Amino acid sequence: RRADGRWVDLRVVVVGPVRDARFYRPEPGEVLCAVRLRPEWSARILGAEPADHVGALPEWTPAWAGRLRDAVARVPPENAVAVLRHLLHTVDERHAAAPGDGAAALASSALARLARAGGTTMAFHRVARDLGVSERHLRRTVIRTTGAPPKLHHRVRRLNAAVLAADRTRRPHWSRLAHAFGFHDQA
């Protein structure tokens, strides 16, 4: 945005599943408002399969982004809450209007159960059994609908939990955190 607060360049972009760390340095005056979607909802909401956009650069812009961009352009840039409301409203509309997807529902159910079970291999076996499908079928469904294998979802969830626990303390005890969240060492 400009020094007077008006938008200079307003874009809506979708970034697919990212499997490697990336560094991003915003430009001065740049304002970022983001919503992280459950990856298994991507096809339904965005009309794009996450597996087709793994690590995709440059980012992809959905066809309906223009309408959202026009709505956000009327919001003062400093009002990030209003910008996020527009974004969430658009996502909710898209989700409600799209037809259901059995594969996405299966993947969503599996990932939710794995989160509760800690994401272990044994838990994956049980989740597949409880859902009435083979492990292989469930793994392929999760990869197809989210762009990432269940083990990567577990690793990301575990890392985020460790970071959150570290952020809650003034001086994190890294070796205890590493042990508590199942990492083999501090690194």
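Now for a quick tour of the structure. (Residues numbered from 1 in each chain as written. Predicted model: local features only at pLDDT ≥ 70, side-chain atom pairs only at ≥ 80, totals over all residues. Heavy atoms only, no water.)

1. Quick notes on the overall build of the protein chain
Summing up its helical and strand segments, the protein chain has 8 helices and 0 strands in all. The secondary structure elements of the protein chain, listed N-terminal to C-terminal, are α-α-α-α-α-α-α-α. Looking at the 187 residues of the protein chain, the share that counts as buried comes to 30%. For the protein chain, the proportion of contacts with a sequence separation of at least 24, taken over those separated by at least 6, is 62%. Put simply, the protein chain shows about 12700 Å² of open surface, and 54% of that area lies on carbon and sulfur atoms. (Helix = DSSP H or I, 4+ residues; strand = E, 2+ residues; numbered from the N terminus. Buried < 20%, exposed > 50% of the residue type's maximum accessible area, 1.4 Å probe, protein only. Contact = heavy atoms within 4.5 Å. Areas by Shrake-Rupley, 256 points an atom, 1.4 Å probe, with all protein chains shown as cover.)

2. So, the side chain of Thr146
Looking at the element boundaries, Thr146 is found in helix 6 (residues 135–146). Given the relative accessible area of 1%, Thr146 is considered buried. From its side chain, Thr146 meets the backbone oxygen of Ala148 in a polar contact 2.9 Å long. Setting aside residues no more than four positions away along its own chain, Thr146 makes contact with Pro17, Pro39, Glu40, Pro50, Leu111 and His153. (Polar contact = N/O pair within 3.5 Å; in protein donor to acceptor, adjacent residues only side chain to side chain.)

3. Things to note about the environment of Leu152
By the secondary structure assignment, Leu152 is in helix 7 (residues 150–167). In this structure the C-alpha to C-alpha distance between Leu152 and Arg19, which are 133 residues apart in sequence, comes to 8.3 Å.

4. Here's the deal with helix 6
Each turn of an α-helix holds 3.6 residues, which means side chains three or four residues apart point in the same direction. Its 12 residues give helix 6 an end-to-end C-alpha distance of 16 Å, which sits within 8% of 16 Å, the value for a rise of 1.5 Å per residue. When we look at burial in helix 6, the residues that qualify are Leu138, Thr141, Val142, Thr145 and Thr146. On an axial view of helix 6, the arc spanned by its buried residues comes to 100 degrees, and they lie on one face. (Expected span 1.5 Å × (residues − 1). Arc of directions from axis to C-beta.)

5. A closer look at the pattern of salt bridges
All chains considered together, the criterion is met by 1 salt bridge. The partner of Asp130 in a salt bridge is Arg129, with the nearest N and O atoms 3.8 Å apart. For Arg129, a relative accessible area of 52% gives the class exposed. (Salt bridge = Lys/Arg side-chain N within 4 Å of Asp/Glu carboxyl O.)

6. A look at the environment of Arg140
Looking at where Arg140 falls in the secondary structure, it is placed in helix 6. We classify Arg140 as partly exposed; its relative accessible area is 45%. In sequence terms Arg140 and Ala107 are 33 residues apart; their C-alpha atoms lie 9.5 Å from each other.

7. Structural notes on the nonpolar core
Core analysis: the largest hydrophobic core is formed by 12 residues, namely Val14, Leu37, Ile45, Leu46, Trp64, Leu68, Val72, Val75, Ala82, Val83, Leu87 and Val91. The set of elements that each furnish at least two residues to this core consists of helix 1 (42–46), helix 2 (65–73) and helix 3 (80–97). The element contributing the most residues to this core is helix 3, with 4 residues. Ranked by size, the runner-up nonpolar core spans 11 residues in total, among them Ala123, Val127, Ala128 and Leu138. (Core = buried A, V, L, I, M, F, W, Y, C linked by side-chain atoms within 4.5 Å.)

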